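Secondary and tertiary structure notes
Residues per chain, in single letters:
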Amino acid sequence: MILKGKHILVGVTGGIAAYKSAVLVRELKKQGAEVKVVMTEMAKKFITPLTMATLSQNPVLVDFFDPENGAWNSHVSLGLWSDMYVIVPATANTIAKMATGVADNLLLTTYLSARCPVMIAPAMDLDMMAHPATQQNIETLRQRGVIIIDPDEGFLASGLSGKGRMAEPESIARAVSDYFCSKEGSLLGRRILITAGPTYEKIDPVRFIGNYSSGKMGYAIADALGWRGATVELVSGPVQVKAKCGNVKVTKVESAVQMRDAATALFPDCDGAVLSAAVADFAPKSVADVKIKRKGDDLKIELAPNPDIAATLGKMKKPSQFLAGFALETNDEMSNAKAKLQAKNLDFIVLNSLQDKGAGFMVDTNKVSIIDVSGAVSDFPLKSKLEVAEDIADKIELLLKD
Ligand code: CTP
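All figures in this text were calculated on a predicted structure; none of them were measured in a lab.

As for the pairing of strand 19 (residues 368-372)
The two faces of the sheet receive side chains in turn, since in a regular strand these alternate between them. Most of strand 19 is tucked away: five of the five residues are buried. Residues Val368, Ile370 and Asp372 point to one face of strand 19 and Ser369 and Ile371 to the other, with burial holding for every one of them. In terms of strand pairing, strand 17 (residues 348-353) meets strand 19 through five bridges, oriented antiparallel. Looking across to strand 19, one finds that Ile349 is bridged to Ile371. In the sheet, strand 19 pairs with strand 20 (residues 377-379) via three bridges, with the strands oriented antiparallel. Pairing of Ile370 across the sheet is with Ser378, part of strand 20. What sits between strand 19 and strand 20 in their antiparallel hairpin is a turn of four residues, with Gly375 showing a positive phi close to 105°.

Some thoughts on the nonpolar core
Formed by 35 residues in total, the largest nonpolar core has its most connected members in Ile192, Ile194, Ile221, Leu225, Val274, Ile392 and Ile396. Where this core is concerned, the elements lending two or more residues are strand 8 (191-196), helix 10 (216-227), strand 11 (231-236), strand 16 (322-329), strand 17, strand 19 and helix 14 (385-401). For this core, the element with the highest residue contribution is helix 10, accounting for eight residues. Look past the residues within four positions of Ile194 in its chain and what remains in contact with it is Gly218, Ile221, Ala222, Leu225, Val232, Glu233, Leu234, Val235, Val274 and Ser276.

Points about the pattern of salt bridges
Under the defined criterion, the tally for this structure stands at 24 salt bridges. Between Asp204 and Arg207 there is a salt bridge; the shortest N-O distance is 2.4 Å. Judged by its relative accessible area of 1%, Asp204 falls in the buried class. Relative accessible area serves as the criterion here: at 33%, Arg207 is assigned to the partly exposed category. Residues Glu329 and Lys340 are paired through a salt bridge, measuring 2.4 Å at the closest nitrogen-oxygen approach. Here the residue Glu329 occupies a position in strand 16, and Lys340 occupies one in helix 13 (residues 333-343), the gap between them amounting to eleven residues. Overall, the relative accessible area of 7% leaves Glu329 in the buried class. Each of Arg228, Glu390, Asp394 and Glu397 takes part in salt bridges that share partners, so that together they form one network.

Side note on the domain arrangement of the protein chain
According to the domain assignment, the protein chain contains domain 1 (7-180) and domain 2 (187-401). Computed from C-alpha atoms alone, the centre-to-centre distance between domain 1 and domain 2 is 41 Å.

Points about the sheet that holds strand 4 (residues 118-122)
Taken in spatial order, the five strands line up as 2-1-3-4-5 in an open sheet, and their pairing is parallel. Every other strand in the sheet has two partners, leaving strand 2 (34-39) and strand 5 (147-148) as the edge strands with one partner each. Contacts from helix 3 (residues 49-56) reach strand 1 (7-12) and strand 2, with the element oriented near 165° to strand 2. Those strands touched by helix 6 (residues 106-113) are strand 1, strand 2, strand 3 (84-90) and strand 4, and its axis lies near 140° from that of strand 3.

The rules behind each value
Residues numbered from 1 in each chain as written. Predicted model: local features only at pLDDT ≥ 70, side-chain atom pairs only at ≥ 80, totals over all residues. Heavy atoms only, no water. Buried < 20%, exposed > 50% of the residue type's maximum accessible area, 1.4 Å probe, protein only. Helix = DSSP H or I, 4+ residues; strand = E, 2+ residues; numbered from the N terminus. Pairing = 2+ DSSP bridges. Core = buried A, V, L, I, M, F, W, Y, C linked by side-chain atoms within 4.5 Å. Contact = heavy atoms within 4.5 Å. Salt bridge = Lys/Arg side-chain N within 4 Å of Asp/Glu carboxyl O. Domains from an automatic or database assignment. Axes fitted to C-alpha atoms, helices over the stretch in contact; angles between N-to-C directions.

Written out as structure tokens, the structure reads:
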């Protein structure tokens, strides 16, 4: 609920991409925002006010006043209500009017009186988009501080293909939340390192030793901290998941040695680290230059220990920094976790047991206990990894306050 309590005004103008504004409103609502919608007369021809009113749970505003009873729709109070004004789609016509200060509909008068940040998602045919007049108008708005969500390249309603297709509503919603988490949040100004995912240890050019880690837990923690305003340095092994928050900077690595090198380079400038990666403890002693051929009945691969990244960072840790790790255990869970906490010089360790259904690798849920260096243990029920990430972020906030 990144946008909880935020007032977002969505302006819809008359272009074929107007139907996507419905998805944007739904996304913003899902993130907890309060949404109001203002439409132009032309926009009503592409998408109905009923759709937008239902999704935003607020009446849609189109005219300066209600023709039935003369009630005034105040563009000034609408502008003051808004924490952000997002115009989706923004047609060439509306962009030109915004650039020159034309005030011939409610959407535009609200733009002229709004004091909040304004974001536009241009959408039009590729030649209209490329026209110097449009380009100049967009540049004028950019220079005045309007945030421009660049259109994508792709199939256009005209049948042509090129740049002009409106950005997908999910990425517009993300740009809205990125704006707020880059400006505010309980962890603003903090820099936190996360390791996530598995490591792959090469055997030969086509084979490796790996593990089942999906990276979901580490990426969820990275997003949770990023949404709270922290700058997150995420060092990630090979995974399918992607970070959702714009505050998360991803460094992709493959092996434990590469992960150690990236993490040790980043750690000194961070306030702390959460080590959620499932690092392979061993790697082949030597990597074959060519594909190993099948010969005989068995194949012996000699393994050598990998660096322990957590222990390395534990030695580097300054008193102002925190270090947190994970313990995925199958037996003697509590004593194993406490031993790791001490051995690696961690401030807290997140224990999950493979004995618990729904915990561990390849699932969207986790059941954890957080063990503090003081010995205090907090047990949490089975939750989604996103919720577990919030619990871990709460714990980090408390640590950083001390
Ligand atoms: N870890 C690490 N580098 C390693 C091994 C582990 O940074 N080479 C980190 C993990 O990211 C995790 C913590 O150390 O935060 C514990 O990982 P785990 O694999 O449970 O512990 P190990 O020390 O490898 O112990 P074992 O595999 O014997 O249980």
